[in-house]
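# Residue-level structural notes
Take a look at the letters that make up each chain.
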Amino acid sequence: MSASRRSGATDELGPEGSEPEREGPAGSDLLAALLDGMDAALCAFDADGVVTHWNREAERLLGWTAEEAVGRAGFAGWAVRSADAEEVEARLMSAMDAPGRQVNEFALLTKDGRRVLVRTQSAAVRGPDREPAGVYCAFSEVHAQIDLERSIALSEALLEDAGWGVVLVDADLRPAVVNAYAARALGAGRTSVLGRPLGELLSQGVEELESALTHVLAEGAPPAPAELWVTVRTPEGERRRCWRSGFVRLSSPLAEEPVPLGVGWLFQDVTEARQGEQEASLLRFRTQQLHRAARAAAECENPAEAVTVHLDFALAGFADHAVIDRVAEGGAETDRVRLVRIAETPSGAPGPCRLDGRAGLPVLYADGHPALQCVERAGTVRAGAGSLKGDAAREWASARQWPQGTVHALCTVLRSRGRTLGAVTFLRTSHRTAFERADAMYAEDVAAHIATALDLAALLPEEG
């Protein structure tokens, strides 16, 4: 027995408006084959409510075979509970007298006695005389329909309303779909980023991102989210961002073997939180360094040694070199401030800060030198080589009598008991960033400790 009953009356049933098959059993076999090849569960009833067609998807869903279903009068006693049979039959057969399709939901029984909530679409079947000859019904499990609707709704929500970035990256590692959040994070429009290499969107961090995407394509999703630091190219300039990222591999659901379609990349911008954590960690470290320096300086018999101890502790993780200049005696007799070098870090090799003095001779700083400005203003002065590179940058440092390679400087005044004693200058090479406001605050704390030690030591230039 195939998916339809072998009879002349059965052969006349088909979709609304169709003509009866002219070849008898051959037409019935063709109709049965078409019904069996469809993914939807299909059945049909004649005008008396007798089941005439039952395809394989209906067999799979309810467990009743075509041999068991075809020829039964309605669903009563086998596919529907007896108490519900009359209502179900009335709703199904009412499609014979109604235009178009009717949609209903009710519970059917599987062969093993389980109840399955289904959604049906029913339509009248017309005979050769255009009169209703039966009902054609397609049905599917409501849970499957709801799952599909939820999947579609989830996809639309992720691409439209999600509070994190969603990017579908194809197998060539190029964006195929982006949501509004991701477009804003990448500094471009939703359509303008499609198909572009990630290297055109990011100036830094692209290698780490592409490595992660390649790994997901080959091995699957990583066990935990990853935090990636990237630099985004935008019309306003480059922006350094930290994105907490998760990845999922996308495979075609239609292929028997998994065929990778790309990677789903979900991310959220956590830059402010991570920067706050880094700043807090840096502040804790610098506070600890100040406490360590104070304890070590307290053990020094000579207050002059305490000056170098404070400077050595301050340099850790903060700067590459440092110099201390003291205001020369007799400076009040002239309008021009003169500074004498009393301590500095070695510039040729790593090592501790050492006392210098240079026989009390003033350092030949040119007018406008940052250290002189610092003393004159009794404040902090920052300086940098800017865009200078190579020989130009070396000449910039040499002209200011700073070690070769210096590109950033921070000069902080040394004051104690209302008197200006000199200046301490912190220097950074090109592998470090420029001094910022938080660095200036830390340098002022260090300068306060050094000024106290200098005042206690009462160092004179000639005693350096």
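Above: the structure in question.
So, here's what we can say about the structure. Owing to the predicted nature of the structure, the values given are computational and were not obtained by experimental measurement.

Here is the key point about a regular strand: its side chains alternate between the two faces of the sheet. Among the 11 residues of strand β17 (residues 419-429), nine are classified as buried, and the element is accordingly described as predominantly covered. In this structure, strand β12 (residues 321-327) lies alongside β17, joined through six bridges in antiparallel fashion. Residue pairing for β17: Val323 is matched across the bridge by Thr425. Where strand β16 (residues 406-416) and β17 come together, 10 bridges link them in antiparallel fashion. Looking at β17, one finds that Leu414 is bridged to Gly422. Joining the antiparallel neighbours β16 and β17 is a turn of two residues, in which Arg417 adopts a positive phi near 50°.

The next point concerns unusual backbone geometry. One non-glycine residue, Arg130, lies in the positive phi region at around 70°. By secondary structure assignment, the location of Arg130 is in the loop between β4 (115-126) and β5 (132-141). With relative accessibility at 45%, the residue Arg130 sits in the partly exposed group. Of note in this structure, Ala378 is not a glycine but carries a positive phi near 55°. Looking at the element boundaries, Ala378 is found in the loop between α12 (370-377) and β15 (380-384).

Packing of helix α10 (residues 271-298) against helix α11 (residues 303-315) brings their axes to within 9 Å, and their N-to-C directions diverge by 160°. In terms of orientation, α10 and α11 fall into the roughly antiparallel class. Regarding α10 and α11, the two cross each other, and that crossing is right-handed. On α11, the residues that touch Gln289, Arg292, Ala293, Ala294, Ala296 and Ala297 of α10 are Ala306, Val309, His310 and Phe313. Here the residues of the contact of α10 with α11 are counted per class, giving seven nonpolar, two polar and one charged.

Under the definition given, this model contains 14 aromatic pairs. With centroids separated by 5.4 Å and ring planes inclined at 85°, the aromatic side chains of Trp64 and Trp78 adopt a geometry described as edge-to-face. Note that Trp64 is positioned in the loop between α3 (56-62) and α4 (66-69) and Trp78 in the loop between α4 and α5 (82-93), a separation of 14 residues in sequence. With relative accessibility at 12%, the residue Trp64 sits in the buried group. Under the relative-accessibility criterion, Trp78 is labelled buried at 4%. Connected via pairs of aromatic rings, a cluster forms that spans Phe45, Trp54, Trp64, Phe75, Trp78 and Phe139. Against the face of Phe318 rests Arg428, its NZ or CZ located 5.4 Å from the ring centre.

Our focus in this paragraph is empty space enclosed by the protein. Inspection of the entire model under this criterion finds three cavities of 30 Å³ or more. Here the lining of the largest cavity gets five residues from one element, more than from any other, and that element is α5. Of the residues contributing to the lining of the largest cavity, the split by class is eight nonpolar, two polar and one charged. The calculated volume of the second largest cavity comes to roughly 40 Å³. In this structure, the second largest cavity is lined by Gln289, Leu290, Ala293, His310, Phe313, Ala314, Tyr442, Val446 and His449. Elements with a minimum of two residues in the lining of the second largest cavity: α10, α11 and α14 (437-457). By residue class, the composition of the lining of the second largest cavity is six nonpolar, three polar and no charged.

The rules behind each value
Residues numbered from 1 in each chain as written. Predicted model: local features only at pLDDT ≥ 70, side-chain atom pairs only at ≥ 80, totals over all residues. Heavy atoms only, no water. Buried < 20%, exposed > 50% of the residue type's maximum accessible area, 1.4 Å probe, protein only. Helix = DSSP H or I, 4+ residues; strand = E, 2+ residues; numbered from the N terminus. Pairing = 2+ DSSP bridges. Axes fitted to C-alpha atoms, helices over the stretch in contact; angles between N-to-C directions. Parallel < 35°, antiparallel > 145°, perpendicular 65-115°, else oblique. Left-handed = near helix turned anticlockwise from the far one by under 90°. Contact = heavy atoms within 4.5 Å. Nonpolar A, V, L, I, M, F, W, Y, C, P; charged D, E, K, R; others polar. Phe/Tyr/Trp six-rings, centres within 6.5 Å; stacked < 30°, edge-to-face > 60°. Lys NZ or Arg CZ within 6 Å of the ring centre and 35° of its normal. 1 Å grid on protein atoms, 1.4 Å probe; cavity = no way out; pocket = protein on both sides within 12 Å on 5 of 7 lines; lining within 4 Å. Points joined across faces, edges and corners; volume = space filled by probe spheres on them.

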